[in-house]
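# Fold and geometry: a report
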Amino acid sequence: MSTRTQSVDTPAGEARITWHTAPGAKLVLAVSHGAGGGIEARDLQALADALPARGITVALVEQPWRVAGKKVAAAPKVLDEGWRGLWPALAKPGLPVVAGGRSAGARVACRTAVELGAAGVLALAFPLHPPGRPEKSRVAELTGAGRPTLVVQGGRDPFGRPEEFPPPGAQDPYELVEVAHGDHGFAVPKKADTTQEEALRTITDAVGEWLARLAA
């Protein structure tokens, strides 16, 4: 695996891609961060560490607001503009690109997947609703992604626990994998009957197997 960082100008400002390139890769998994953090998130780093060995290039994407050092995420429309502006760089290797992200980044991937021609959507910690506000559902963004979709959700995520997601329908199929005891950042309590390492392995194994099926 080789690693390099690339700056990309977008209509929303300068963005950054950190490439974790797999030799002989079959596809690119492009994943961006949420509104409260960057690509140092444990799930994004775990994917970047584990997937290149499975023939998957991982591109960790930093949105322009994060590159600029701002503490507050840009509005959804601006996030989408930044993602669109990045896409040609993500597609340049000539491989299928799976659009992904965690939390707010997952929403961006869902909203733009069809228009950008994404091969699939990976939604990590999808924010189904604001904490304590289940009536403010964002499920339409997820089910409207229009591409094969994998949701990876912590069992105690206050933004939406796995059992709060509707059953996948014929018109809006998606798969959902639960990370036992995980919160919105996939952290597990020390008293849980699973370790943090096991939780991250659940994520990397599920994503790796799903991507292998997409690439077949």
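Let me sum up the structure you'll find in this document. (Residues numbered from 1 in each chain as written. Predicted model: local features only at pLDDT ≥ 70, side-chain atom pairs only at ≥ 80, totals over all residues. Heavy atoms only, no water.)

### Side note on the sheet that holds strand β6 (residues 120-124)
Strand order in the open sheet formed by eight strands is β1-β2-β4-β3-β5-β6-β7-β8, and the pairing between neighbours is mixed. The two strands at the open ends of the sheet, each matched to only one other strand, are β1 (2-10) and β8 (175-179). For this sheet, the mean angle separating the axes of adjacent strands, direction not counted, is 20°. For strand β5 (residues 97-102) and β6, the ladder comprises five bridges, and the chain directions are parallel. Within β6, the residue paired with Arg102 across the bridge is Leu124. Across the sheet, helix α1 (residues 42-50) touches β2 (13-21), β3 (27-32), β4 (56-62), β5 and β6, and the angle it forms with β4 is around 150°. Where helix α3 (residues 76-91) meets the sheet, it contacts β1, β2, β3, β4 and β5, and its direction lies at approximately 135° from that of β1. (Pairing = 2+ DSSP bridges. Helix = DSSP H or I, 4+ residues; strand = E, 2+ residues; numbered from the N terminus. Axes fitted to C-alpha atoms, helices over the stretch in contact; angles between N-to-C directions. Contact = heavy atoms within 4.5 Å.)

### Some remarks on the packing of α3 against helix α4 (residues 104-116)
Closest axis-to-axis distance for the α3/α4 pair is 10 Å, and the angle between their directions is 45°. With respect to α4, the element α3 is oriented oblique. Between α3 and α4 lies a crossing of right-handed hand. Packed against α3, whose contacting residues are Pro76, Leu79, Asp80, Trp83, Arg84 and Trp87, the element α4 presents Val108, Ala109, Arg111, Thr112, Glu115 and Leu116 at the interface. In terms of residue class, the contact of α3 with α4 is made up of seven nonpolar, one polar and four charged. (Parallel < 35°, antiparallel > 145°, perpendicular 65-115°, else oblique. Left-handed = near helix turned anticlockwise from the far one by under 90°. Nonpolar A, V, L, I, M, F, W, Y, C, P; charged D, E, K, R; others polar.)

### Section: the nonpolar core
Within the largest apolar cluster, 33 residues are counted, with the highest numbers of intra-cluster contacts made by Ile17, Trp83, Leu86, Trp87, Leu90, Phe126 and Leu142. Setting aside residues up to four positions removed in sequence, Phe126 forms contacts with Ala106, Arg107, Cys110, Arg138, Glu141, Leu142, Val151, Gln153, Phe159 and Phe165. (Core = buried A, V, L, I, M, F, W, Y, C linked by side-chain atoms within 4.5 Å. Buried < 20%, exposed > 50% of the residue type's maximum accessible area, 1.4 Å probe, protein only.)

### Digging into the pattern of salt bridges
As enumerated under the stated definition, the model contains 13 salt bridges in all. Across the pair Glu141 and Arg111 runs a salt bridge whose closest N-O atoms are separated by 3.2 Å. Linking Glu141 in helix α5 (residues 139-143) with Arg111 in helix α4, this pair joins segments that are 30 residues apart in sequence. When its relative accessible area of 26% is taken as the criterion, Arg111 is described as partly exposed. Two residues, Glu164 and Arg161, come together in a salt bridge whose shortest N-O distance is 3.5 Å. Connected via shared salt-bridge partners are Asp80, Arg107, Arg111 and Glu141. (Salt bridge = Lys/Arg side-chain N within 4 Å of Asp/Glu carboxyl O.)

### Regarding the side chain of Thr194
Mapped onto the elements of the fold, Thr194 is located in the loop between β8 and α6 (196-215). A distance of 3.0 Å separates the side chain of Thr194 from the side chain of Glu198, its partner in a polar contact. Filtering out sequence-adjacent residues up to four positions away, Thr194 remains in contact with Ala180, His181, Val188, Pro189 and Ala199. (Polar contact = N/O pair within 3.5 Å; in protein donor to acceptor, adjacent residues only side chain to side chain.)

### Details of the side chain of Thr149
Here Thr149 lies in strand β7 (residues 149-154). We classify Thr149 as buried; its relative accessible area is 4%. One polar contact links the side chain of Thr149 to the main-chain carbonyl oxygen of Arg147, over a distance of 2.7 Å. The contacts of Thr149, once residues within four sequence positions are left out, are Val121, Leu142, Tyr174, Glu175 and Trp210.

All we've got here are geometric facts, nothing functional implied.
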